[in-house]
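Structure assessment
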Amino acid sequence: MNPVHAATLVLDTHIDIRWPDPPEWTAQTMQLVDLPKMRAGGVRAGVFVAYVPQGRRDAQGHAQATARAEAMLAHIRDRGAAPGCRFCPGPDALEATVAAGEVAVLAAVENGYAMGRDLSRLQAWRRLGAVYLTLTHDGHNDLADSARPKPALGDAPVEHGGLSPLGEAALAEMNRIGLMIDCSHVAKPAMLRAAELSRAPIVITHTACAALCPHPRCVDDEQLDAVRASGGVVQITAVPAFLRPGPEGQPARATVADLVDHIDHAVGRIGIAHVGISSDFDGGGAVQGWAHAGETAAVTEELLARGYDAHAIGLLWSGNFLRVWRAVLAAAD
Ligand SMILES: [Zn+2]
């Protein structure tokens, strides 16, 4: 393996898991991420997400969403109990785990829909080890507008015009308890409002640059600037449709070079201290050259070829995200 890659704390900040019936993760599987692939690819730490698809916003829908998120959080915690792994609820635990040669397993919740209208779930998830909450997924929820409304669920193009009052209360609670605010999937006005309101830096754990690929899930330069102003970090992700506009009607294709083009753009716009990397593997991510966790060194090799040094590569792979995480915890009550 490339020596710079081998010496870097490689943290992938957004990995989906098959649900229900996740395969045994310590075995070789058909998933793009499992423990053998992480080891082979030099991935020392991964944030696995309890993803909840947007559904009906009624009592039953909310109850099912909460139950799914919490069952997934328990499952992710169990992954960290496997030999050679550790579940890490904080940055110190993560660094100690990696220093001990073990794989750090982290958890997050994707879609604020999972809390329904009950703010107390946020603290419950923090106690279950969640490190961030993605405020929305595709489709508006009771917290905020999504960058991709779902007409099939009755979504208008704009519902709240940003964050709802409940969304603002959730943000304050997340600041209070040290749960990172992830604005991936979130509509631009809501994302800008979150960056402005939050007492702590915000994160965008899986996105790319609209300046290079005008996809609704990408962030434009004004949003990149807002991430920097908040002291936060934007994680460029390996979803082909976010990276390279595809030919009309055909699936998008992208390469590691396309991914690093987006990293270059974000670094050029807001500086090396505010940019990171994620795969979105098993949730739509995979590019030619970085098609599964076992190929992760290819990203470092492309960064080296573009002139990034080991220090910069360390910031991109984990240093910036860990700095932001510590700032979020320091700002908590
Ligand atoms: Zn996502």
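A short tour of the structure in this document, coming up. Keep in mind it's a predicted model, so treat the numbers as computed, not measured.

With that out of the way, let us pick up the overall build of the protein. Along the backbone of the protein there are 12 helices and nine strands. Computed over C-alpha atoms, the radius of gyration of the protein comes to 18 Å, within 12% of the 20 Å expected from 2.2 N^0.38 for 333 residues, which places it in the range of a compact globule. If you line up the protein on its principal axes, its C-alpha atoms span 50 × 40 × 40 Å. Residues classed as buried in the protein amount to 55% of the 333 residues present.

The subject of this paragraph is the nonpolar core. Formed by 108 residues in total, the largest nonpolar core has its most connected members in Ala50, Leu106, Ala108, Ala130, Leu133, Ala194 and Leu259. The contacts of alanine 130, once residues within four sequence positions are left out, are Leu73, Ala107, Ala108, Val109, Trp125 and Leu179.

Further remarks concern the pairing of strand β8 (residues 233-237). Of all five residues that make up β8, five are buried, and the element is covered over most of its length. On β8, burial covers both faces: Val233, Gln235 and Thr237 on one face and Val234 and Ile236 on the other are all buried. Following the chain from strand β7 (residues 203-207) across helix α8 (residues 221-230) to the adjacent parallel β8, one finds a crossover that is right-handed. The sheet contact formed by β8 and strand β9 (residues 275-278) spans four bridges and is parallel. Bridge assignment links valine 234 to a residue of β9, and that residue is valine 275.

Restricting attention to buried positions, one finds in helix α7 (residues 188-197) the residues Ala190, Met191, Arg193, Ala194 and Ala195. The secondary structure elements touched by the buried residues of α7 are α6 (165-177), β6 (180-182) and α8.

Contact geometry of helix α10 (residues 256-270) with helix α11 (residues 297-305) gives a least axis separation of 10 Å together with a crossing angle of 60°. When the axis of α10 is compared with that of α11, the two are oblique. Relative to α11, the crossing made by α10 is right-handed. In contact with Val256, Ala257, Leu259 and Val260 of α10, α11 contributes Ala298, Val299, Glu302 and Leu303. Considered class by class, the residues forming the contact of α10 with α11 number seven nonpolar, no polar and one charged.

What follows is about the environment of glutamine 31. Its place among the elements puts glutamine 31 in the loop between β1 (11-15) and α2 (35-40). Residue class for glutamine 31 comes out partly exposed when judged on the 19 C-beta atoms lying within 10 Å of it. When the C-alpha positions of glutamine 31 and alanine 293 are compared, they lie 9.4 Å apart, and in sequence the two are 262 residues distant. When sequence neighbours within four positions are dropped, the list of residues in contact with glutamine 31 reads Arg18, Pro23 and Asp282.

So, how was this worked out
Residues numbered from 1 in each chain as written. Predicted model: local features only at pLDDT ≥ 70, side-chain atom pairs only at ≥ 80, totals over all residues. Helix = DSSP H or I, 4+ residues; strand = E, 2+ residues; numbered from the N terminus. Rg over C-alpha atoms; globule rule 2.2 N^0.38 Å. Buried ≥ 20, exposed ≤ 12 C-beta atoms within 10 Å, placed from the backbone. Core = buried A, V, L, I, M, F, W, Y, C linked by C-beta atoms within 7 Å. Contact = placed C-beta atoms within 7 Å. Right-handed = clockwise from strand over helix to strand, strands pointing away. Pairing = 2+ DSSP bridges. Axes fitted to C-alpha atoms, helices over the stretch in contact; angles between N-to-C directions. Parallel < 35°, antiparallel > 145°, perpendicular 65-115°, else oblique. Left-handed = near helix turned anticlockwise from the far one by under 90°. Nonpolar A, V, L, I, M, F, W, Y, C, P; charged D, E, K, R; others polar.

The values are spatial; any link to function lies outside them.
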